[in-house]
Amino acid sequence: MDTQSVDTLTKHEQILRYIESLKLGSRISVRKIAKNMEVSEGTAYRAIKEAENQGLVSTKERIGTVRVEKKLRQNIDKLTFAEVVNMVDGQVLGGSRGLHKTLHKFVIGAMEQDAMMRYIEAGSLLIVGNRNRAHICALEQGAGVLITGGFNTSTEVKVLADELELPIISSSYDTFTVASMINRAIYDRLIKKKIMLVEDILASGASLYALKANSTLKDWQRMSEDTGYSRFPVVDEWNRIIGVVTSKDMVGANSLQTVDKLMTRSPLTVTPQTSVASAAHMMVWEGIELLPVVDTNRKILGVLNRSDVLKAMQYIQKQPQNGETFEDLIWSGLEEVRDEKGSLQFHGVITPQMTNHLGTVSEGVLTTLMTQAAYRIVQEHKKGDLVMDNMSTYFLKPLQIDSKIEIRPTIIEVSRKFGKIDVEIYHAGTLVSKAMLTAQVI
């Protein structure tokens, strides 16, 4: 059983390397991979799925699986033609070998053709109806074409698209809807771009120090002296994480005792796609200093310690906002003010977007406002992030559209690790909502 697992893992990694070496645009199939690599179709299928998760290949209906360029997160706001097909529920009429290419500009063809051509250039996407001549001109300029309204195009255009490897896509949606869908997708990507992931701070090429299950106290002492660390992941013979060992675990241990008898088994782990904020919150909640980073097979890729995460969180706070979440939009209308005693308050107006179907403010919106006010007053006293432990809320009176509100947060207690905050919301001098929050401070 163990031998079979080793063979599978080894073949799995070989297939991934083989896929990575293929030319962009190459078509891939389970049967072809199985034959070329001399593995079972099940092994080939799992490896192709892993390659898709890593962004090495893309599977599209009626086209198959294609080797694509793995995009860097710095270029996350750039779309490929293949992603546009998915967004608009499109059908590829021609030029499928160019689906992996990225595009940087959209041109809506709601104008005369001569005027339209001034805006079209290589790497752009023309969004237009059933105007065959415009399709040809766009392809000749190096641009892809998205035909709205569910129309088809001529055989001449399809042949030209195949020759130039530039996609011709047809969508049943109208031009306005298509443009809105693509804009929404780019906006969502801008929000994702500002979210730092574990893979962004995991040092590539850095030395990974880990102990084996049969390592002894002497091995731990030697590694601790060499590295200056006292916490290490423990892996099996296939480099899969099985535990974590710290200096506390070694207290009173026999010098020949193996770490598998001393370690903490089944430790918490994260993947490269986990957000840094989630990793930080996990470390605070669980009170741990070391967090192993693993792939989908639980094979160790690296480790995070608390100092790595805290440095990243400090960096995040200094970065500009590239897109607004619902939380950002809810808070954007509030103004920071000071009362006569210099205490921090926030004034604003209840907008239609904050209300429910009855025209009164949503309880979820009020909760968000009070949480954000607590976060900001803690930030004034102590730089850091909050991990919410508990929140007791009281909704005393309903608030209508256009109501002017005052949010008054008060710090009851804040220490190096914990905080207690009281938040009150007033309208026309009357208390309408109140919350008591307890949180851990990162």
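Residues numbered from 1 in each chain as written. Predicted model: local features only at pLDDT ≥ 70, side-chain atom pairs only at ≥ 80, totals over all residues. Heavy atoms only, no water.

- Per an unreviewed UniProt entry, the protein goes by CBS domain-containing protein and derives from Paenibacillus phytorum.

Quick notes on the packing of helix H6 (residues 132–140) against helix H7 (residues 155–164)
Alright, step 1. Between H6 and H7, the shortest axis-to-axis distance is 10 Å and the interhelical angle comes to 10°. Overall, the two elements H6 and H7 adopt an arrangement that is roughly parallel. Contacts from Asn132, His135, Ile136, Leu139 and Glu140 in H6 reach Glu156, Val157, Leu160, Ala161 and Leu164 in H7.
Alright, step 2. The class makeup of the residues in the contact of H6 with H7 is six nonpolar, two polar and two charged. (Axes fitted to C-alpha atoms, helices over the stretch in contact; angles between N-to-C directions. Helix = DSSP H or I, 4+ residues; strand = E, 2+ residues; numbered from the N terminus. Parallel < 35°, antiparallel > 145°, perpendicular 65-115°, else oblique. Contact = heavy atoms within 4.5 Å. Nonpolar A, V, L, I, M, F, W, Y, C, P; charged D, E, K, R; others polar.)

Re helix H12 (residues 276–286)
Alright, step 1. If you check which residues of H12 are buried, you get Val276, Ala279, Ala280, His281, Met283 and Val284.
Alright, step 2. Two residues or fewer after H12 comes Gly287, characterised by a positive phi angle close to 65°. (Buried < 20%, exposed > 50% of the residue type's maximum accessible area, 1.4 Å probe, protein only.)

Considering the pairing of strand E8 (residues 124–128)
Alright, step 1. Burial analysis of E8 places five of its five residues in the buried class, which makes it a mostly covered element.
Alright, step 2. Covered by surrounding structure in E8 are Ser124, Leu126 and Val128 together with Leu125 and Ile127, the residues of both alternating faces.
Alright, step 3. Both strand E7 (residues 105–108) and E8 contribute to a ladder of four bridges, which runs parallel. If you follow Phe106 over to E8, its bridge partner there is Leu125.
Alright, step 4. In this sheet, strand E9 (residues 144–147) lies alongside E8 in parallel orientation, the contact comprising four bridges. Along E9, the bridge assignment pairs Ile127 with Leu146. (Pairing = 2+ DSSP bridges.)

Structural notes on the nonpolar core
Alright, step 1. The biggest cluster of nonpolar side chains holds 28 residues, and the ones touching the most others in it are Leu369, Ile407 and Val423.
Alright, step 2. Looking at this core, the elements that each hand over two or more residues are helix H14 (326–331), strand E18 (344–349), helix H15 (363–381), strand E20 (404–414), strand E21 (418–427) and strand E22 (430–441).
Alright, step 3. Looking at which element gives the most residues to this core, the answer is H15, with eight residues.
Alright, step 4. Excluding residues within four positions of it along the chain, Val423 makes contact with Met370, Ala373, Ala374, Ile407, Arg408, Pro409, Ser433, Lys434, Ala435 and Leu437.
Alright, step 5. The next biggest cluster of nonpolar side chains, apart from the first, holds 20 residues, and it includes Ile136, Ala143, Val157 and Leu166. (Core = buried A, V, L, I, M, F, W, Y, C linked by side-chain atoms within 4.5 Å.)

Considering the side chain of Asp236
Alright, step 1. Structurally, Asp236 can be placed in the loop between strand E12 (232–235) and strand E13 (241–245).
Alright, step 2. If we skip the residues at most four places from it in the chain, Asp236 touches Lys212 and Ile242.

A word on the pattern of salt bridges
Alright, step 1. Evaluation of the coordinates by the stated rule reveals 13 salt bridges.
Alright, step 2. Residue Asp422 is joined to Lys434 by a salt bridge in which the shortest nitrogen-to-oxygen separation is 2.8 Å. Remark: Lys434 occurs in strand E22 and Asp422 occurs in strand E21; sequence separation between them is twelve residues.
Alright, step 3. Residues Glu424 and Lys434 are paired through a salt bridge, measuring 3.0 Å at the closest nitrogen-oxygen approach. In this pair, Glu424 sits in strand E21 while Lys434 sits in strand E22, placing the two residues ten residues apart along the sequence.
Alright, step 4. Residue classification places Glu424 among the buried positions, given a relative accessible area of 18%.
Alright, step 5. In this structure, a network of salt bridges that share partners links the residues Glu336, Arg338 and Glu380. (Salt bridge = Lys/Arg side-chain N within 4 Å of Asp/Glu carboxyl O.)

Concerning the sheet that holds E8
Alright, step 1. With respect to topology, five strands assemble into an open sheet ordered E5-E10-E9-E8-E7, the strand pairing being mixed. Strand pairing shows two members of the sheet lacking a second neighbour, strand E5 (91–94) and E7, which therefore form its edges. Taken pair by pair, the neighbouring strands of this sheet meet at an average axis angle of 25°, ignoring direction.
Alright, step 2. Across three bridges, E9 lies against strand E10 (residues 168–170) in parallel orientation. When the sheet's bridge partners are listed, Ile147 is paired in E10 with Ser170.
Alright, step 3. Across the sheet, H6 lies against E8, E9 and E10, angled at about 155° from E9, the strand it touches most.

Focus: H7
Alright, step 1. Those residues of H7 not exposed but buried are Val157, Leu160 and Ala161. In an axial view of H7, the angular spread of the buried residues amounts to 100°, which keeps them on one side of the axis. Across from the buried face of H7, at angles greater than 90 degrees, the exposed residues are Thr155 and Glu163.
Alright, step 2. In the core, the buried residues of H7 are packed alongside E5, H6 and E10.
Alright, step 3. Once H7 finishes, Glu165 follows within two positions and takes phi at roughly 55°, a positive value. (Arc of directions from axis to C-beta.)

With respect to the packing of aromatic side chains
Alright, step 1. Scanning the entire structure with this criterion turns up one aromatic pair.
Alright, step 2. With 4.9 Å between their ring centres and 65° between their planes, Trp331 and Phe346 make a pair best called edge-to-face. Residue Trp331 is found in helix H14, and its partner Phe346 is found in strand E18; the two are separated by 15 residues along the sequence.
Alright, step 3. On the basis of relative accessibility, which here comes to 2%, the residue Phe346 falls in the buried class.
Alright, step 4. For the cation-ring pair, Arg408 lies above Tyr426, with the distance from its terminal atom to the ring centre recorded as 3.9 Å. (Phe/Tyr/Trp six-rings, centres within 6.5 Å; stacked < 30°, edge-to-face > 60°. Lys NZ or Arg CZ within 6 Å of the ring centre and 35° of its normal.)

Describing unusual backbone geometry
Alright, step 1. Of note, Asn239 is a non-glycine position whose phi angle comes to about 65°, a positive value.
Alright, step 2. Structurally, Asn239 can be placed in the loop between E12 and E13.
Alright, step 3. For Asn239, a relative accessible area of 33% puts it in the partly exposed group.
Alright, step 4. One non-glycine residue with positive phi stands out, namely Ser266, at about 45°.
Alright, step 5. In this fold, Ser266 is placed in the loop between strand E14 (264–265) and H12.
Alright, step 6. For Ser266, a relative accessible area of 64% corresponds to the exposed category.

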